[in-house]
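Listed below are the residues making up each chain.
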Amino acid sequence: MTDQPYDVAIVGYGPTGVTAANLLGQAGLKVVVIEREPSIYARARAISTDEEVVRIWQQVGLADRLKEDMLTERPIDFVDAHNKTMVSFAAPVRGHGHPPQMFIYQPALEQVLRDGVDRFPNVEVMLEREVVKVRQDAAGVELMVADNTSDTFVRVHAKYVIAADGGSSGIRGLLGVGYAGKTYEDKWVVIDTKVLKSWPDVDRLRFHCNPLRPAVDCPTPLDHHRWEFPVLPGEDASKLTTDDNVWKLLDWQGVTRDHVDVLRAVVYSHHVRFADRWRVGRIFLAGDAAHAMPPWIGQGMAAGVRDAANLCWKLAAVVKGELPDSVLDSYQTERMPHVRDITDKAVFVGKIITERNPTLTTLRNPALRILNVLPVVGKRFKDGNWVPEAHYPDGFFDTDKAGATGWKTIQPWVLDSEGTRRRLDDVLGSQWTVLYRTRTGGIDAWTKAGAQLVQLVPGGSNPESDRIVDIDNTLIKWMKTKGATAIAIRPDGFVYSAAGDGSPLPPPPAGLRASALSPA
């Protein structure tokens, strides 16, 4: 029996779990992480991320270090069977203060995130442990944890549990939660390599829309590169991962043993699945334990990180008595529609890439080329079928839902009260904030509830105490577009409520007793 209960137990130490450990560790909660494996998973599964996710890691002070190991500003090409470009574009900029798409090498990324957790003495990590039994009541959760190195058991008590233990989640199974959806018939061979010698287009993400054998050709940082090929009807998946067949696939791409060293070749299946419930009492499913999607727009890992960001500030607020437990019901309400939207886009992009019907491909190819040269329609197609903007139409927000409500603010560079140029989140920190262009009624109720009050002034103004300068006026323009003169921002950067010209700011949520959390 553990001596004292933890505030939160995190089961699983992949990208979702380690992000949650950093967020909760920074919030000062007593946390335990339980992970089955002895070390970081050696295979690179996720290969890219986006600006909003890096903004989440910025919240715990790790964004700049993580970006040192990322590739940014790489073009995205859809090419035909002759490797001729049909559509070429860059990921759309959403305004979160980082490059819109970054390629990663997952083992290196996870190491940086785990090193970040080591900063927090209030977070304990238990490796080579596995949860074999769960019991919960109104007071908390009891986990029976097996030590895989000694065949001994320990009971761990926590007020809440985050199950971030992957698509085959043991916690989800113990809870009896369904995981409905579809596993695609196609299996894919994934080949990870170490680059020895460059070749043309080594630095481009290319979707090979070849009806004979589609492929994905992706740069990854730290001199790595990945290819993905489908297992075609009649082929033996296990034989495709042999050394001879791997080199046949790479030779088909014009890549030889002089160019790369093959690190590993494995077979994956693509899934579209959603857990029936993401909350069961005091236990929450996150990441692949809650949802799985195809890899086509690189959002599987990113969705899990967004889950952690959405859930962790709410758990911290409940544990500290700042908000009632009912706020936790908004987790699935907010995240599920966004995940479904991203999954639908991933499936759609996958269909474009993998179409093998010759008749359909003869229609697809010229259509894509036309989109590539039509600026308005083409941009709408490209932007609309990539990562959706950070917006939750329903959830823990003011019921009036004024224009900015439910949107995550963009993040410009600003001047703080000392005149130092910094990113917005680094100035505001992870706390409730009322940001206003024009002071309006209703603000006093927020300051009494513990929210910080910050004035936003245009570029060229002088910085002063309790006000920041929007250097390029981008956030001011964003607020004007949303019809907002004042916004109440949650600790995760989403707008809880907003006021327009001449209207008061709606009151804070019932029971809010906000406490300041220093920026990372």
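As named in an unreviewed UniProt entry, the chain is Bifunctional 3-(3-hydroxy-phenyl)propionate/3-hydroxycinnamic acid hydroxylase, taken from Skermania pinensis.

Caption draft 1: Here's a closer look at the pattern of salt bridges. In total, this model carries 31 salt bridges according to the counting rule given. A salt bridge links Glu-110 to Arg-45; the nearest nitrogen and oxygen atoms lie 3.4 Å apart. Taken together, the residues span a long stretch of sequence, with Glu-110 in helix H4 (residues 106-117) and Arg-45 in the loop between strand S2 (31-35) and strand S3 (48-50) at a distance of 65 residues. Relative accessible area serves as the criterion here: at 2%, Glu-110 is assigned to the buried category. Between Glu-334 and Lys-314 there is a salt bridge, with its nearest N and O atoms 3.0 Å apart. Here Glu-334 is found in helix H9 (residues 330-354), whereas its partner Lys-314 is found in helix H8 (residues 300-319), with 20 residues between them in sequence. Comparing Glu-334 with Lys-314 shows no difference in burial state: the two are buried.

Caption draft 2: Focus on the packing of aromatic side chains. Applying the stated criterion across every chain yields a total of 16 aromatic pairs. Ring centres 4.9 Å apart and planes at 40 degrees place the aromatic pair Phe-78 and Phe-207 in the tilted group. Taken as a pair, Phe-78 in strand S5 (residues 76-79) and Phe-207 in strand S13 (residues 205-208) lie far apart in primary sequence, 129 residues in all. Residue Phe-78 shares its accessibility class with Phe-207, and that shared class is buried.

The rules we used
- Residues numbered from 1 in each chain as written.
- Predicted model: local features only at pLDDT ≥ 70, side-chain atom pairs only at ≥ 80, totals over all residues.
- Heavy atoms only, no water.
- Salt bridge = Lys/Arg side-chain N within 4 Å of Asp/Glu carboxyl O.
- Helix = DSSP H or I, 4+ residues; strand = E, 2+ residues; numbered from the N terminus.
- Buried < 20%, exposed > 50% of the residue type's maximum accessible area, 1.4 Å probe, protein only.
- Phe/Tyr/Trp six-rings, centres within 6.5 Å; stacked < 30°, edge-to-face > 60°.

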